Each structure stands twice: as C-alpha cells, then as structure tokens.
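# Structural description and commentary
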Amino acid sequence: MDTHNEVLSVSGLHVSYGTKEVLRGIDYNISEREVVAVLGANGSGKSTSLNAISGFVGASSGRIVFNGTDITELAAHKIFRLGVIQVSQARDLFPGLTVEHNLRLGAAVRNREEIEQRLEVVFNYFPRLSERRNQQARSLSGGEQQMVAIGRAVMANPKLLLLDEPSGGLAPQFINEIGDIVQALKDDGATMLMVEQNLSLAFKVADRFIILRDGMVSDGGFVKSLEGNHDEIVRTIYL
Amino acid sequence: MEKKNGNTSLITSNQLRWFYYLVPVAALIIPFVANEYLLWIVNAILVYTLVTVGFNIIIGNLGQLAFANTAFFGIGAYTSAILMVYGGVPYTLSILMSAIVGGLAGFLASVTALRGIRLYYLAIITLAFGELMRWVYLHGDDVTKGSDGLRIPDDIFFLGIPLDSEVPKFFVFLLLAVLLVKATSNLMRSRIGRAIVAIRENEATTASLGIHTARYIVLAFVWSGSVVGVAGAMFAVLTERVLPEAFGLTEVIIHFGMVLVGGTGSIVGSVIGAITLTTLPEYFRQFPGMDELFFGIIIVLVLLFLPKGIVSLLWRISPAFKERYYRD
Amino acid sequence: MDIFLQLTLSGLSQGAIFALIALSLTVVYRATTIVNFGHGDFVMAGAFFVYVLVIYVELPYVFAAISAVLIMLGMGLGVSRGFIDPIKAGPHIGFAMMSISLGYVLRGGARFLWGREVFPMPRVFDIEPFFIGNLVVTGDVLFISAIVAVFLLIFFFIFYRTTTGVIIQAVYQSERGATLIGVNVRAFHQSMWGVGLAMGALAGILIAPISLLHPDLGATFLIRGFAAMTLGGFGSLGGAVVGGLLLGVAEQLFGFYINSSLQDITAYLIIVAVLVIRPAGLFGRTVTVRV
Amino acid sequence: MKSFLIKCMFGAMALGVLLIGNTVKAEDWETTGLTDKAIKVGVMGPFTGNASSYSKTQIGLMAYFKHINDQGGIHGRKFEMFPEDTACAPAKGIAAAKKLVHQDKVFYLHGNSCSAVAMAVKPTVSPTGIPWIIAHAVNPKITMPVNEKKSIYHGVPAGPAYGSTMGEFVMSKPGAKRIAMITHTNDWAKAYCDPAIKVIKATGGEIVLEQALERGQTDATAQVLKLKGAKPDFILGCLYEAETVIFLRDAKKYGLRIPVMGTAGTDLENTLERLGDKDAVKDYYVLHAFVDKVDGPKMKKWNDIILKYNPDETITGFSAVSMASGVAAVKALQNVGPDLTRSKFIAELDKIKGLSTGILACDITWSATDRHGCKKSAVAGFVDGNPTVLSSWGKPW
C-alpha cells in the first residue's frame, strides 16, 4: 500500500459550529486505491470530517490537501470538480426526477463527455436501476435510493469517493448488497473514505480504519492486523 | 473599569431597571421645552412605540411574518372614532373598546396562522386583510365617511383632562405607552412570553413538551392586536381625523421597518425603532424628494451591518440591555 | 356571449402580465425560498431603463428593451451577492425587509430623478385594432400576448427539455443534492435572482406603454403577482402562469358581472379565499411549514 | 414604584394643563413670520409619494414668488419660502403643517395639493387663525363653511365649481339626458362628480350607470362594455390622468364613441400626448382652469416665469394652477401696505372682488362669508380637430 501515491491528507483539522468545537485537530491520509473506514460513536465528528473535505463546512484551522492541491478554503463546487465526490447520509436525491435523470445529473457538471459511457458503467453495477430508470426517485425503496445515490456519485468519475453511512437505515439484505457494490468499486480501483456504523460492513471492505472520539483521532490501523477480532474496536469506539 | 471582561460591565441589570423607569420620568420635561411641532413628533413616537411593541410580538417574539399590523392600527383608530362620533362614548372607554376590537382582529389573524398558513402565505393573506380593511373604510361611507375621513369631536377628555392640544395628549399618551410597554414586558418575561419565544425557536419541540402551542399563538396575536388597537385609538386623537389613506401598504412597511431597525424581539429595540423612523423622515425634510431613498438606504444599511437592530449597539455597552425571554 | 369573450380576451392579455410577474417571483422563490416583496419596484425599474435608453441614449426600442432586461439581470446578480448573501444566516423576516427596502431605494431613486413627471412610454407596435367576428383585438393585446406566449414557450422548453432545465429542477428539489453533484448553489441563487428580475423587467416593459411610466408603476402588479401565485399554488411554475391568466380574467368578469368597484380588490379576495379554502392553490402540493 | 410613577405623571399632567393657557401673546401672533425684509410663506405639497406629479403646481407658485422677489418684492419684503413635503399622506402632512406653524413660524400658508391631506391638516391649522390659501386641492369642505377664525381661502375652483361646470357643460349638449359615469372611489373624484350629478339632475338629466375604475388599473374593458350597453348621451369621467388614458384607449378600442367629460386632474394636450392617438381623444372634453391652452399665447408669460426658475420643468396643466392665487395674495399684501399683520392680510383678502388673474378662467372673489374664490371653469375639447377652450358645448371661450 505504501507504494501508492497519497491522494488526500488532512492535518490539524479544526471545525466548529458556533461555539461548539466538533473537530479538534484531526490528522489522517488516504493513498490511491485505498479504502479507509472512519469509525466512531454518534457525535464524534465523522460526518463533519467528510463535510469539511467536501467543502460543505469551513475549517477553523488545519489543512486539507487533495492530490497536491490545498482545498481547505476551496468552495464545494470546486472541490467537486477536482473529483472529490460525496454520497451523503441523507442521500439527497432529486425526488421528482427519474432515476436516469438523477444519475445523469451526477455527470452534468464534471463529466459531461463520458455521460453515456458512465451510465453504462453504473447500470452494470446496479442492474436493478436500469429496470427502474424511468421511475421517479421518490418511488424507490430506501436501498434502491442508496444505489441511485452511489450511482450518481460514480457518474462523476470520482478520484476520491466519500461515503457517509452507506448502510444507514437499510434492511439487512440491502446492507449486503451495498457491501458488494462497495467491494466491486474497490476492485475496479476506487479510492474511498467511508463513514460506517456497521462494523462488519466496514471491515469487510476497508483496508484501514480510523477511530474518532470527541473530535480527535483516538486510534487506527490496518484491518488485516485485527485478524477478525473486532470486540476491542467496539470497546474503543463506544466506551 | 477599562478591563474588557464579559462579567464586569458599566451597567448592571439592577441599575438598568432604574434607568428604564427614569426614561419616562425624564420625558416629563419635554412639554416644557418643545414647541407644538416637536411635541407632535414626540406624541407620534409614543403612538408608534406601541405600534412597534405590538408588531414586534408577532415578528420578533413569535417569529411569524404577519403584516396585519396596519389592519389592527386602522381598526383601533376607526373603532375609537366611530364610538366617539356616533355613540358619544367617552374617549377613555373608546380606548378600551379599541383594545378589545383590535384583539378580536388579532384573533382573526391568528386563526389563519393556526390553519397552517405560515411564512409567506401568512404575509400575503395578512397584507390582503389590511388592504381589504382599507377598502371597507373607503366604501363604508355611511359610517366611515369614506375618503373624507371621520373627524374626531373637538371636546374629548381622558379621565377629565381635555385633549385639546399636544401637551395634554402627551401626558395621556405617555401614560398609556408606559403602562402598555410595561405590561407587554411583564407578559413577555412570564411563562406565556417564554412559551411564545419557544414556539418561534421550535414549534414541534415546544408542542412535544406538552405546551399547548395554539393557545399561545392566539394569545400573542390577540395581545399584539390589542396593543396596536390602543395605538390606533391614540392615532385617531393625534391626527384628529381618521382617513383610509393613513392605513395603506406604505404604513405597514414603515411599521415593519421600525421593528427591524430597532431590533426584532426586543422591547427596547421597538422603542428605538419608533423613535428612529419617526424622527428621521422629519430630518429628511431638508432634502425634498429624497425621503423614500433615504428610508430604503437606512434600512438596507441596518440589515447589513446591524442585523440585530440598533438595540444591539446598546448590548455592546452592557449585556444587561439584552432581553432574555428564553433559555434552553 | 360577445361581451363574455371580449372580457376574457382582455382579461387574458392582462393576465399574461400577471403571469409573467408571478412566474418571475416564483423563479426566485423556488431557488432561494425568498419572496421578493420589492419586486414591483424592480418591474418599474426595468421599464424606466428602457425609457432612459430610448430617450436619452437614443437606442432603437428593441435594443433598449434587450439592454434593460440585461441590466436587470445584472442587478439581480448584484442584489443576491451584495444584499441577500450577507444576511443569509438571519431569519426570513430579514429577507422580506431587505427586498422591500431595495424596492424603496429604486422607487425613491426614480422619484428623485423624475418625480414630477408621468411619461408616455414609446410604443413599438401600433397597429389598428381588427375584428374576429365581433371580437375586437388591439395591437397591445396581440403584442403582449404574443411576447408572453413566446417567452413562456422558451422558458418551459428550457425548464423541461434541456440539461440546464433539469439541473434547475434538481436544485429546486434538493439544494443539498445539488451541492453533491457539484452545482455552485450560491451562483445558482444569484443567477435565479438575475432571471427573476429580468423577467420582471420584461413585464414592466410590456405594461408601461399602457400604464404610463411613473415610479409607482409596480405596486399594483406586485399584489396581483402574489394573488396569481397563491391561486396557482405557491411555488408552482405552471400554477403561476395559470393563476395569472385566471386572475386577469376574473378581474374583468367580477368588474362586469358583479360590481366594478370590486375589480380593484379581486386580487385580495382571491388571496383570502384561496388561503382559507385551499391553501395549496390549484396546483400546489400540501403546504410544508418551514419555521 | 409604579404608583409613584403614575403620581408623578398626573402631577406633571396637572402642571402641563395649567401651562397650556394663553401662552401666545396677541401682538406676536399678528406679525409672526414677518421681518422688515421677509415674509415667510409655508408651501405644502406632495413632493414625494404617488401624487408627486401634483407638486408641479407648488413649483409654479414658488416660481411666481421668486419672480415677485426679483421685481423688488412687496413693500421691501421678499418672500421666503418654506416648501414642505406632505407626500400626499395625512400624517406626514400634519407634521409638515405643525412644523411650518410652530417651528418655522411662517406668516401664512399657501399651497396644498391632495384634498385628504388638506382635510387632515385642517384641525391643526384652522384653530391657529393663520391665513391659509388652498391653491390646488379641490375638496370644498376645506374652506366652506368658513372656519371659526375665518382664515382659510380657496384660490382655485373647488369641487362644486368644477363639478357644476362639468354638469353644465354636459347638459349644454343638445339632447343630453342619459348620463353615465366612471369614477375613482375617493374624495377627489367625489369632489368633482357629486356637484356635477347635482347639476345634471337639477337640469333634467339622469344618471343611468355608475362604474368604478380604481387607481392603478390598467384595463377598462369591463367598464367600457358596461357603458356601451347603457347607451348614455354623455359620460362623466372623474379619473386621474393615467386611468383617463386607459379608459379612452379602451373606449376607442370597443367603439364607444360617446363624449366624455373629464376633470381638472387631466388636460387635453397631455392626454393626447400619452394616448398618441388623436382619434381617441376627439370626444374627450375636459375641465380647463385656464383662459387659454396650456401652451397658448395667453399662458406664455406664466410658463416663462416657471421656466426661468426651473429650466428643466415640463409644463403641464398643473404647472400654473396655483399661480392665480399667488397673484391674489400678492395683490392683498400690496394693498395692506408696509404695516403688515395677519388680520390686515385677511381683511385685504376678503376685499378681493372679481380679480382677473390672467391665468384662471374665473375671477377670484372672496368675502368673509364665501371663501370659494373661483366659481367656474372653462372646458377644453377638440373642435374641428383643433384643441379649443370652450365655455359651453360648441361655444368657444
């Protein structure tokens, strides 16, 4: 893994909402083709760290560098153009538009030329969406909506994919399906930073994990070195 | 003294209470130094103080975008005028009736708000309400004398005091303003006031705490309507003739401006707003034709640079000026 | 029957203006959730710019009209950037007052410069009225209806049939979703303000030859725009158009068949009636309260 | 604390009541606003707001005063003018009046457009006894019945004078009997229409239809079609400028070719200019306060005075209206002589009889019991395609 280039590096990142400091100086980095899981209890600042990378919230101090570019102060749409694409926790689809429109919009800003080709790719990942391409997004089930959300992000041809709780609120069979898709994306060479509460999903696909606690990185390591012993991690996260 | 520290401030809350009492007492000197014109402006300020205090309950404390204020104002003025002209009702009693009828109008406005008509819907329906009322004044010729306006009788008394010039009007208006401002302030600091602000902050949460939100919304509107209704009765006597033209769309914009310039949700701010936007146009008289331009520019500047209103300048002097009706 | 048709025709041409104003308000509202309470004055400003460009700069009318629309487009961008963005964090009440005050500044400016005059707006299209059966059709009616119709066709074509349109629909539906597909939402808000004011200006330019040009030109149209929006369903684009046309016709029919003194308050009556009976209007979805 | 406060207030209140008494000394009152060099005149007008086009008349009046100043003034005194904006809004008007009376302390008041404002201001001005000449507003109740201090004058035809001229002109058309009306529903329109109706009914006419057209309307289809259906002989139109234009445009459009009688709120040339269609105004007759067309040779002198002091001003039918009462005021001031007082000024104003100002189509006559100085107006209309000032149907002035 070390042989790969560093894609993202976060250093000394502080984020506050009003007077409340959510991130208190976190550091981490991701290399090309690596999948990193961000773990932690509710309110530990996991989503905030993704939102800071995407430029949705401003950093009060610290630095975020993506592929050699300092993106700390960059506007969200510019970070998007660089290829940092987020799949948000709430999915934030366009409920009144069709599945296909939702997907196409994923490429509307960054990836207009390859739009048909990418659509093909996404429908390969999600054959189910191909069947429902003319349905309104609001008529889909939660799992299908999550597929649209991920598919929409894939449309943009991301260089770094930020997944915020891909399994959140889904039925078990969908969690597996999403897990498979994330694995497939990984196999195709995607670089991903993933916030996930479902540890078995996280450990199935991630190469590395980081644990956030009270806005700081409290632990981290390679998934392989755990050798399937997750109990200790659970203790680190929640106790 | 020079140390900048949040806790040590020039004025403590306790001193401030005395300061608030001192303001109306100090105001008693005004009639001995001001001419009739300046006194008229002062009287207008007293009327608009109540207009703004009443409006602020809806805009600031309850956080609803309802523009029925001119309707309350006009209804108060016409109620008082009609009762005096046709019923020979003493002015003192007619003020009380204006408060009641204004409160009823407030109740009517609250019904729309309760029916889920909120935000811009509420703004638009209440604007329409105000304009429809003006249409009624204009076309209710037999009673309102249409656009000629209803002349207030010459010989009116407040508790035996003849209101035949600006000086007695000043004392009566000051009394009414002080009483109603104090009452509103007490109400807003009571459980009721806290509930009203809680509804603004989060209606659903407030309801989930077992607070009967609808009741407090109605109450806020009724109280607002009553206070502004009384202001209307004062306005009738101030201008001595009640005319439909006085209650048009421009008027509600001025009321709205007073609330925002002074400071939303603040009673001290309401007073400041009323003073500012009543006196400034008089000052602008030196620049004929530029009135609207200045009015617009001032409000834009306040919105941009003092989003909490002019009252927030006082907060810099002392945090004691902050009126806290709500703690979470 | 002839009378009814005649009333309907003139109601539709009036309604076309109301529709345009309601639509321009809706475009801004849908994008930013802000209702521009000063819109009437922006409508007036658009017409004034045409006047200035035709009379003082001596541009040909069509160029003047296009320039005025572009100026208002730019003004929209500026308003959003300079006056709305800085108060973004505050409550909605601030937006309402801001838009009113900006309108006041425009009206005050117009009054200061041309206060004592009422101008006849130059006419572009002056043809003799002609008859269809017993129906009289004038140049004004034809001109207004044609321009508005063409404009609406273009507008709705862009909105429903182009990528830009789909992006706009997407942002309307989910602003967070839009940020996730890389849309610069701030720039989007600015451009929608621009589009809104430009459309308002177009309405002002179309109506000014009839209403004459004076600083208070916009006031009566604003409330009619609101009524049209309310009738059609607040926030619905198609609803704004239908609402505007219906309001135009309703004013004529009320005025003729009930009482001419009701004509002026038809808009208010419609607002109250709709909001009391069916707050969602004709085409709106259920009201969602945003506190 | 509260009870103490209230006691304080009542105490002060009682004190205040005591102080109100006669604080103004009589001799001060007579010469307030006068110096050896100046006569202070308060000129109220709608310099802003939606009726600001009326302020042209105050501009005209002040130009006349400046003209008199440049001629050497009156017995060594020059007019010092205090223009005050009423914005045509009652409360603003009252503030303006209070300022002029109590702060600027003017000698007399001259001006006022907007009847509603004049009515609102009346309770403020009337008790002070300060002379007040209404130079534009038409509501007759501003001046009649004569106020207690006998201090208010109308220097333009008031509603009844204008209105009855309208009625008389309408009925002077041979065969005119069935009259319809289209009006705004405000006091301004009533001031014209009501006396006109009175005259019409008294001379054998009848009102067959009444239509409202409110300010700001941009279409009169419904009204025109109704009027067409009623088939009247003459239409009384009590509308402001903009709505008059809209009405006439729609009248032509739907083939309503019936003569229309309009108010002094409009004038023929302007209406024509705004309509841009001679055919649409050919049946329009309008009150015309002046002895000549707005740009006619007899008006040139007055228009030149306005333009001398306001080179950019566009002359309209409003511009010179107030100058006539200016002429009357100047005459009275001159007649008083150097020892000017308010009482003497009022006495001299009451002595003005049959004063032909060379501006208005009426002679100004005031007395202690009748303050409507102007009793009639001319009418303007197209005769053989030429704008003509008329005294009755088909009869040139």
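Thresholds, definitions, all that
- Residues numbered from 1 in each chain as written.
- Chains lettered and ligands numbered in written order.
- Predicted model: local features only at pLDDT ≥ 70, side-chain atom pairs only at ≥ 80, totals over all residues.
- Heavy atoms only, no water.
- Domains from an automatic or database assignment.
- Contact = heavy atoms within 4.5 Å.
- Buried area = accessible area lost by both parts, 1.4 Å probe.
- Salt bridge = Lys/Arg side-chain N within 4 Å of Asp/Glu carboxyl O.
- Polar contact = N/O pair within 3.5 Å; in protein donor to acceptor, adjacent residues only side chain to side chain.
- Helix = DSSP H or I, 4+ residues; strand = E, 2+ residues; numbered from the N terminus.
- Buried < 20%, exposed > 50% of the residue type's maximum accessible area, 1.4 Å probe, protein only.
- Arc of directions from axis to C-beta.
- Axes fitted to C-alpha atoms, helices over the stretch in contact; angles between N-to-C directions.
- Parallel < 35°, antiparallel > 145°, perpendicular 65-115°, else oblique.
- Nonpolar A, V, L, I, M, F, W, Y, C, P; charged D, E, K, R; others polar.
- Disulfide = S-S within 2.5 Å.
- Core = buried A, V, L, I, M, F, W, Y, C linked by side-chain atoms within 4.5 Å.

### Observations regarding the domain arrangement of chain D
All names here are of chain D. Looking at chain D, the domain boundaries give domain 1 (38-157 + 297-366) and domain 2 (160-288 + 379-396). Tallying the contact residues gives 13 residues for domain 1 and 15 residues for domain 2. Counting the surface lost from both domain 1 and domain 2, the interface buries some 1000 Å², and carbon and sulfur atoms represent 60% of this. When the buried area of domain 1 at its contact with domain 2 is split by residue, Tyr54, Val138 and Pro157 rank highest and sum to 42% of it. Taken together, the connections running from domain 1 to domain 2 amount to zero salt bridges.

### Description of the interface of chain C and chain B
The partner chain B presents 39 residues to the 42 residues of chain C that form the contact. Note on chain C versus chain B: buried area summed over both sides is about 3800 Å², and carbon and sulfur give 80% of it. Our count for the contact surface shared by chain C and chain B stands at one salt bridge. Between Glu292 of chain B and Arg111 of chain C there is a salt bridge, with its nearest N and O atoms 2.7 Å apart. Taken together, the connections running from chain C to chain B amount to five residue pairs in polar contact (both at pLDDT 80 or more). Elements with a contribution of two residues or more to the side of chain C that touches chain B: helix H3 (61-84), helix H4 (92-114), helix H9 (219-232) and helix H11 (266-277) of chain C. The dominant element in the side of chain C that touches chain B, judged by the number of residues it contributes, is H4 of chain C, at 16 residues.

### Quick notes on helix H10 (residues 268-275) of chain D
All names here are of chain D. Among all positions in H10, only Leu268, Asn270, Thr271, Arg274 and Leu275 are buried. The buried residues of H10 occupy an angular sector of 165° when projected down its axis, which confines them to one face. Contacts made by the buried residues of H10 are with helix H9 (241-253), helix H11 (278-281), strand S10 (284-288), strand S14 (378-383) and strand S15 (386-392). Sitting at the amino-terminal end of H10 is Asp267, which places a side-chain oxygen 3.1 Å from the backbone nitrogen of Glu269. Positioned one or two residues after H10, Gly276 has a phi angle of 60°, which is positive.

### Quick notes on the packing of helix H3 (residues 56-70) of chain D against helix H12 (residues 297-309) of chain D
All names here are of chain D. The contact between H3 and H12 brings their axes to 9 Å, and the two run at 85°. One element, H3, and the other, H12, form an angle in the roughly perpendicular class. Facing H3, whose interface residues are Gly60, Ala63, Tyr64, Lys66, His67 and Asp70, H12 presents Trp302, Ile305, Ile306, Lys308 and Tyr309. For the contact of H3 with H12, the class distribution of residues is six nonpolar, two polar and three charged.

### What about the packing of helix H1 (residues 2-32) of chain C against helix H8 (residues 185-211) of chain C?
Residues and elements named next belong to chain C. Between H1 and H8, the shortest axis-to-axis distance is 8 Å and the interhelical angle comes to 170°. Compared by their axis directions, H1 and H8 come out roughly antiparallel. Residue-level inspection shows Gln14, Ile17, Leu20, Ile21, Leu23, Ser24, Val27, Val28, Ala31 and Thr32 of H1 in contact with H8, the latter providing Phe188, His189, Met192, Trp193, Val195, Gly196, Met199, Gly200, Leu202, Ala203, Leu206 and Ile207. Counted by class, the contact of H1 with H8 contains 16 nonpolar, six polar and no charged residues.

### Describing the arrangement of the chains
The interface with the highest contact count, out of four pairs of chains in contact, is the one between chains B and C. Separated in space, chain A and chain B share no contact, their closest pair of C-alpha atoms being 16 Å apart. Nowhere do chain A and chain D come into contact; their C-alpha atoms are at least 39 Å apart.

### Describing the state of the cysteines
Residue and element names in this part refer to chain D. Counted under the stated rule, the structure contains three disulfides over all chains. What pairs with Cys88 in a disulfide is Cys114, and their sulfur atoms sit 2.0 Å apart. Measuring the twist about the S-S bond at about -115°, one finds the Cys88-Cys114 disulfide to be left-handed. Taken together, the positions of Cys88 in the loop between strand S2 (78-85) and helix H4 (90-103) and Cys114 in the loop between strand S3 (108-111) and helix H5 (115-125) put the pair 26 residues apart, joining distant regions of the chain. A residue is classified by how much of its surface remains accessible, and Cys88, at 21% relative accessible area, is partly exposed. In this model Cys362 forms its disulfide with Cys374; the gap between the sulfur atoms is 1.6 Å. In this pair, Cys362 sits in the loop between strand S11 (355-356) and strand S12 (363-364) while Cys374 sits in strand S13 (residues 372-374), placing the two residues twelve residues apart along the sequence. Of the residues examined, Cys362 reaches a relative accessible area of 3% and is grouped as buried. Residue class for Cys374 comes out buried when judged on its relative accessible area of 1%. Here the cysteine-cysteine linkages of chain D are recorded as 1-2, 3-4, 5-6, numbering only bonded cysteines and doing so in sequence order.

### Some points on the nonpolar core
Core analysis: the largest hydrophobic core is formed by 249 residues, its most contacted members being Tyr91 and Phe256 of chain B, Phe37 and Phe226 of chain C together with Phe247 of chain D. Each of domain 1 (38-157 + 297-366) and domain 2 (160-288 + 379-396) of chain D accounts for three or more of the residues forming this core. Phe247 of chain D has contacts with Ile182, Leu213, Ala220, Val224, Leu227, Ile235, Leu239, Leu256 and Val260 of chain D, leaving out every residue within four places of it along the chain. Counting 102 residues, the second-largest nonpolar core is a separate cluster that includes Phe107, Cys193, Tyr309 and Leu340 of chain D.

### Comments concerning the interface of chain A and chain C
Opposite the 22 residues of chain A that make contact, chain C presents 15 residues. Two residues, Asp92 of chain A and Arg176 of chain C, come together in a salt bridge whose shortest N-O distance is 3.2 Å. Linking chain A with chain C are four residue pairs in polar contact (both at pLDDT 80 or more). Listed by contribution, the elements that provide at least two residues to the side of chain A that touches chain C are helix H2 (76-82), strand S6 (84-87) and helix H3 (99-108) of chain A. A per-element tally of the side of chain A that touches chain C places H3 of chain A first, with four residues. Classifying every residue of the side of chain A that touches chain C gives ten nonpolar, seven polar and five charged.

### Section: unusual backbone geometry
A cis amide bond, omega -5°, links Met144 of chain D with the succeeding residue Pro145 of chain D. Considering the arrangement of structural elements, one finds Pro145 of chain D in the loop between strand S4 (132-134) and strand S5 (152-157). Even without a glycine there, the phi angle at Arg91 of chain A is positive, about 70°. Note that Arg91 of chain A resides in the loop between S6 and H3. One non-glycine residue, Thr33 of chain C, lies in positive phi territory at about 55°. Mapping Thr33 of chain C onto the fold places it in the loop between H1 and helix H2 (39-55).

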